[in-house]
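Results of the structural survey
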Amino acid sequence: MSSLSDKSAQEISDLLDEYGIKHGPVVESTRNLYEKKLKEAMAKGKRAKPSPDKTYYREEEEEVTYVYRTPAKSEASGDRGAYPRARQEWNERDYQHETSYSNYSKPKPEYNRSSYGNEPDMYDTPSTYRSTYAKSPPMKSGQDVPDAPKSSRLIPLWVQFVFFLAVAVFLYLVFSTMETNETPKGIK
Amino acid sequence: MSTTSQKHRDFVGEPMADKPVTALSGIGETLGKKLEENGFDKAYVVLGQFLLLRKDTEMFTDWLKDSIGANSRQASSCAQCLKEWCDAFL
């Protein structure tokens, strides 16, 4: 392989593009830096193609496939596995929201910890989803109970239900003290 | 709000005009001399390099480290300083 310093500026530029390295013009003052970057990239054996965008989509794809494979890794997807097939459409549609929620799962646990307090950090992610979709999950909770849970989950199903009911009762209490007129019955 | 030094605030607060390289945040006497040896004798020349690297702070940081041996803190401080200056004036 010919040495990088023998290549023309255009060739360096093309190589940088191949490795997906964002760069400016290859001029005297920038050339050294870009040659170093290329050497690092080649040493790492990076794929000589991708743009950062594709990596992002790839992550999304991986998250989506978790729904069907129910790995031990993501508790959010383990959560999804609990609900019956009737809800799969709803899940798939909302998965776009959830991928963004999973990005927000870091700041949210702090908020959840103060409110609920009893569950460890990683359990907060499912509760985040539950509290935001407060309306629809309660209606389905009746259907969830008879459904057999998948074996690979981080916390047992009944714990999730108990926790969910605790959240529902909590919300009910909050609403009943705040709004004197209506107490939403849809929760339970 | 990130903690910025007085030097940073001084630089970012006004057009850089003919300020020396040592006016840049993170660039002291030693690094300033090295920059001058490399032909970067004024802050605006360093700005030129920053712009050539498309205002990419990471790339610029790497360049500073490679060319004058700045450490991570100094380099990122300088990069951030230039970036904010550009956001305000460019």
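Let us look at the structure shown here. (Residues numbered from 1 in each chain as written. Chains lettered and ligands numbered in written order. Predicted model: local features only at pLDDT ≥ 70, side-chain atom pairs only at ≥ 80, totals over all residues. Heavy atoms only, no water.)

A count of helical and extended segments in chain A gives nine helices and zero strands. Each helix and strand of chain A, ordered N terminal to C terminal, gives the series α-α-α-α-α-α-α-α-α. Looking at chain A as a whole, 36% of its 188 residues qualify as buried. For chain A, long-range pairs separated by at least 24 residues make up 55% of all intrachain contacts whose partners lie at least 6 apart in sequence. Total accessible area on chain A stands at roughly 12100 Å², and carbon and sulfur atoms take up 55% of it. (Helix = DSSP H or I, 4+ residues; strand = E, 2+ residues; numbered from the N terminus. Buried < 20%, exposed > 50% of the residue type's maximum accessible area, 1.4 Å probe, protein only. Contact = heavy atoms within 4.5 Å. Areas by Shrake-Rupley, 256 points an atom, 1.4 Å probe, with all protein chains shown as cover.)

This part takes up the packing of helix H4 (residues 57-68) of chain B against helix H5 (residues 72-89) of chain B. All names here are of chain B. Two elements in contact, H4 and H5, have axes separated by 9 Å at closest approach and are oriented at 135°. Of the possible angle classes, the one that applies to H4 and H5 is oblique. Crossing of H4 over H5 shows right-handed handedness. Of the residues in H5, those in contact with Thr-57, Phe-60, Thr-61, Leu-64 and Lys-65 of H4 are Ser-72, Ala-75, Ser-76, Cys-78, Ala-79, Leu-82 and Lys-83. For the contact of H4 with H5, the residue count by class is six nonpolar, four polar and two charged. (Axes fitted to C-alpha atoms, helices over the stretch in contact; angles between N-to-C directions. Parallel < 35°, antiparallel > 145°, perpendicular 65-115°, else oblique. Left-handed = near helix turned anticlockwise from the far one by under 90°. Nonpolar A, V, L, I, M, F, W, Y, C, P; charged D, E, K, R; others polar.)

Residue and element names in this part refer to chain B. Turning to helix H2 (residues 29-37), its buried residues number three or more, namely Leu-31, Gly-32 and Leu-35. All buried residues of H2 fall inside an arc of 105° around its axis, so they share one side. More than 90 degrees from the buried face of H2, the exposed residues found are Glu-29, Thr-30, Lys-33 and Glu-37. Looking at the buried residues of H2, the elements they touch are helix H3 (43-52), H4 and H5. Remark: Gly-39 follows H2 within two positions and exhibits a positive phi of approximately 100°. (Arc of directions from axis to C-beta.)

In this section: the interface of chain A and chain B. Counting from both sides, the interface comprises 12 residues of chain A and, opposite them, nine residues of chain B. Buried surface at the junction of chain A and chain B, both sides included, amounts to about 870 Å², of which 64% is carbon and sulfur. For the chain A face of the interface with chain B, the top three residues by lost area are Ser-29, Leu-33 and Lys-37 of chain A, together amounting to 47%. Remark: the boundary between chain A and chain B carries one salt bridge. Among the ionic pairs, Lys-37 of chain A bridges to Asp-62 of chain B, the shortest N-O distance being 2.3 Å. (Buried area = accessible area lost by both parts, 1.4 Å probe. Salt bridge = Lys/Arg side-chain N within 4 Å of Asp/Glu carboxyl O.)

Quick look at the state of the cysteines now. Residue and element names in this part refer to chain B. Going through the model one piece at a time under the given rule, you end up with zero disulfides over all chains. Looking at the unpaired Cys-78, the closest cysteine sulfur is the one in Cys-81, lying at 6.3 Å. Judged by relative accessible area, which is 0%, Cys-78 ranks as buried. Free of any disulfide, Cys-86 has its nearest neighbouring cysteine sulfur in Cys-81, separated by 9.6 Å. (Disulfide = S-S within 2.5 Å.)

The next thing to look at is the packing of aromatic side chains. All names here are of chain B. Per the stated rule, a full pass over the model turns up four aromatic pairs over all chains. Pairing Phe-50 with Phe-60 gives two aromatic rings, centres 5.2 Å apart and planes at 90°, and the pair type is edge-to-face. One end of the pair, Phe-50, is in helix H3; the other, Phe-60, is in helix H4, with 10 residues separating them in the sequence. The exposure classification of Phe-50 matches that of Phe-60, with both residues buried. Counting every residue linked through ring pairs, the aromatic cluster contains Phe-40, Phe-50, Phe-60 and Trp-63. (Phe/Tyr/Trp six-rings, centres within 6.5 Å; stacked < 30°, edge-to-face > 60°.)

All right, on to H3 of chain B then. Residues and elements named next belong to chain B. Those residues of H3 lying buried are Ala-43, Val-46, Leu-47, Gln-49 and Phe-50. Viewed along the axis of H3, the buried residues span an arc of 160°, placing them on a single side of the element. Phi turns positive one or two residues past the end of H3, at Arg-54, with a value near 60°.

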